[in-house]
Amino acid sequence: MSADLDALRRRLIEAATNGKSLGQVFKEMGITPDNPAVVQEIMAQAGIDPAAMFPDGQADMAEFVNNMTKDLSLEMKKQLAQLIEGMAVEINNGQPLPPDIQEFLKSWQ
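The structure contained in this document is the topic of the report that follows. Just so we're clear, the structure is a prediction, and the values are computed from it rather than from any experiment.

Quick notes on the rules
- Residues numbered from 1 in each chain as written.
- Predicted model: local features only at pLDDT ≥ 70, side-chain atom pairs only at ≥ 80, totals over all residues.
- Heavy atoms only, no water.
- Helix = DSSP H or I, 4+ residues; strand = E, 2+ residues; numbered from the N terminus.
- Buried < 20%, exposed > 50% of the residue type's maximum accessible area, 1.4 Å probe, protein only.
- Contact = heavy atoms within 4.5 Å.
- Areas by Shrake-Rupley, 256 points an atom, 1.4 Å probe, with all protein chains shown as cover.
- Lys, Arg positive; Asp, Glu negative; His and termini not counted.
- Charge placed at Lys NZ, Arg CZ, Asp CG, Glu CD.
- Expected span 1.5 Å × (residues − 1).
- Arc of directions from axis to C-beta.
- Core = buried A, V, L, I, M, F, W, Y, C linked by side-chain atoms within 4.5 Å.

### Some details on the overall build of the protein
Right, so step 1: The helix and strand inventory of the protein stands at 7 helices and 0 strands.
Right, so step 2: Listing the helices and strands of the protein from first to last along the sequence gives α-α-α-α-α-α-α.
Right, so step 3: Once the C-alpha set of the protein is aligned to its principal axes, its extents read approximately 35 × 30 × 30 Å.
Right, so step 4: Every one of the 109 residues in the protein was classed for burial, and the buried ones make up 23%.
Right, so step 5: In the protein, 57% of the contacts between residues at least 6 apart in sequence involve partners at least 24 apart.
Right, so step 6: As presented, the protein carries roughly 7500 Å² of accessible surface, and 56% of it is formed by carbon and sulfur atoms.
Right, so step 7: If you average the places of the 9 positive and of the 16 negative side-chain charges in the protein, the two averages end up 7 Å apart.

Dropping the structure here:
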């Protein structure tokens, strides 16, 4: 499935204003754990090059996310954690997040 960043942005805004699940929008657009090519395409359209961000291939994602979100309030982090958990359940067909991600999100709550 081909992804379109502008279409994703429009559909997310529409979903937020109409009370629709953001997870459902991702799922409808093929943005799921079993379809990494769509995520890579969206990232490329957004000008994000993971190879440039992580030249060694692997990265400490918790540290990376903490650095990116260090200026957010505790309340905003809590809300983001809840959003991520909710979307993950929906997108991942009810399967739990990996334990390290669950632990990371708990640190925000």
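There's more to say after this.
### Points about helix α6 (residues 74–91)
In an α-helix, one turn spans 3.6 residues, which is why side chains three or four residues apart end up on the same side.
Right, so step 1: Its 18 residues place the ends of α6 25 Å apart at the C-alpha level, agreeing with the 26 Å of an ideal helix rising 1.5 Å per residue.
Right, so step 2: All of the buried residues along α6 are Lys77, Ala81, Met87, Ala88 and Ile91. Projection of α6 onto a plane perpendicular to its axis shows the buried side chains occupying an angular sector of 140 degrees, all on one side.
Right, so step 3: As for α6, its buried residues are in contact with α2 (22–28), α5 (61–69) and α7 (99–107).
Right, so step 4: Once α6 finishes, Asn93 follows within two positions and takes phi at roughly 50 degrees, a positive value.

### What to know about the nonpolar core
Right, so step 1: One finds Leu8, Val25, Phe26, Met29, Ile31, Val38 and Ile42 to be the most contacted residues of the largest nonpolar core, which totals 13 residues.
Right, so step 2: Listing elements by their share of this core, those giving two or more residues are α1 (5–18), α2, α3 (36–45) and α6.
Right, so step 3: Contacts of Ile42, omitting those with residues within four sequence positions, involve Ala3, Asp4, Leu5, Leu8 and Ile31.
Right, so step 4: Of all hydrophobic cores here, the second largest spans 6 residues; its members include Ala88, Leu97, Phe104 and Leu105.

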